Amino acid sequence: MRAIVLHGGLSIRRELQEHVEIYAQKAIEMDTALEAVVEAVRLMEDDPLYNAGTGSNMRFDGSIQMDAAVMIPGDFGAVINIEHVRNPVLVARDVMLHSPHLILSGDGAVSFARMRGYEYYDPTTERAREKREKTIKKLKMGEISQYYHPEFFRELLGDTVGAVAFFEGEIAAAVSTGGTSLTLRGRVGDSPIPGAGIFAGDKGAVVATGIGEEIIRRMLSLSIYSRIGDDSLEKICEEEIRKFGDIPVGVIAITSEERCARSNMVMPHAIVTRD
Ligand code: GLY
């Protein structure tokens, strides 16, 4: 039996839901759980509608810094604040499989990517530029007081993309993001922090989306993972999401038996299973 769950971030845009369903169907055809989650995230990184890879949010200063991670039981790979690559998730996978390290950041992550053959690429889109300008204007006008105000998400964002998979006993998770909203250069969200935005172990895998700072404070993915088996996966995810109140957040999770997608805002997602 194989199953995959994908999410495309917190967003009300209908196209994101349509695309995520197509990508889930493609990803489930891969040979392994790891290949499936990496392929699912790669497809979303290449789709400019999502805030990951091409289409990533800009920082305050106009630069684009991206985080991505992959995790399987007992191993992990991540890149933090990587720039000028097309697919951060592929570099994160290579950190896990082809380096002695687990996490590479900034210039070091870029150098490693070049060493692995990933060429210079500019992920900037006109939409990201417009989003940044619109957001700065709203902040200046005092229309938004907190950058994680739910209103802000509704209008302007999309967030981290992610996937979790269970393929004949193999478990894997992957995430990628251009970073939530308009943040300072150098800021790190939850996605590349194991236990916060991503976790995978023998019991299953969890990936989160939403305000990274709040997700890190609550170690959301590990909080859900550590409860697997105590209750239904749906109930565990729902209870952990409820703790965030109206702070935007979502999760996808998978075990050998269950799979779920839960959020407190609209979160495009797809669940595909195959015997
Ligand atoms: N959830 C993505 C971030 O906070 O960067």
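Let me begin by describing the structure that accompanies this report. This is a predicted model, so every value here is computed, not measured. (Residues numbered from 1 in each chain as written. Predicted model: local features only at pLDDT ≥ 70, side-chain atom pairs only at ≥ 80, totals over all residues. Heavy atoms only, no water.)

### So, the site of the ligand
- Neighbouring residues of the ligand: Asp159, Thr160, Thr177, Gly179, Thr180, Arg187, Gly189, Asp190, Ser191, Gly210 and Gly212.
- Between Thr180 and the ligand, the recorded distance is 2.9 Å, taken from a side-chain N or O atom to an oxygen atom.
- In the model, a nitrogen atom of the ligand is placed 2.7 Å from a nitrogen or oxygen of the Gly210 main chain.
- Starting from 190 Å² of accessible surface for the ligand in isolation, the protein chains cover 100%.
- Among the cavities detected, the one that contains the ligand is the second largest cavity.
- Its residues placed into classes, the shell around the ligand shows no nonpolar, 8 polar and 3 charged. (Near = heavy atom within 4 Å. Polar contact = N/O pair within 3.5 Å; in protein donor to acceptor, adjacent residues only side chain to side chain. Areas by Shrake-Rupley, 256 points an atom, 1.4 Å probe, with all protein chains shown as cover. 1 Å grid on protein atoms, 1.4 Å probe; cavity = no way out; pocket = protein on both sides within 12 Å on 5 of 7 lines; lining within 4 Å. Sits in = over half its atoms within 2 Å of the grid points. Nonpolar A, V, L, I, M, F, W, Y, C, P; charged D, E, K, R; others polar.)

### As for the sheet that holds strand E9 (residues 249-254)
- Read across the sheet, 4 strands follow the order E7-E8-E9-E10 without closing on themselves; strand pairing throughout is antiparallel. The open sheet has two edge strands with one neighbour each: strand E7 (198-201) and strand E10 (259-263). In this sheet, neighbouring strand axes are inclined to one another by 10° on average, regardless of whether the strands run parallel or antiparallel.
- With 5 bridges joining them, E9 and E10 adopt antiparallel strand pairing. When the bridges of E10 are listed, Gly250 appears paired with Ser263.
- Packed onto the sheet, helix H9 (residues 233-242) meets E9 and E10 and runs at close to 20° relative to E10. (Pairing = 2+ DSSP bridges. Helix = DSSP H or I, 4+ residues; strand = E, 2+ residues; numbered from the N terminus. Axes fitted to C-alpha atoms, helices over the stretch in contact; angles between N-to-C directions. Contact = heavy atoms within 4.5 Å.)

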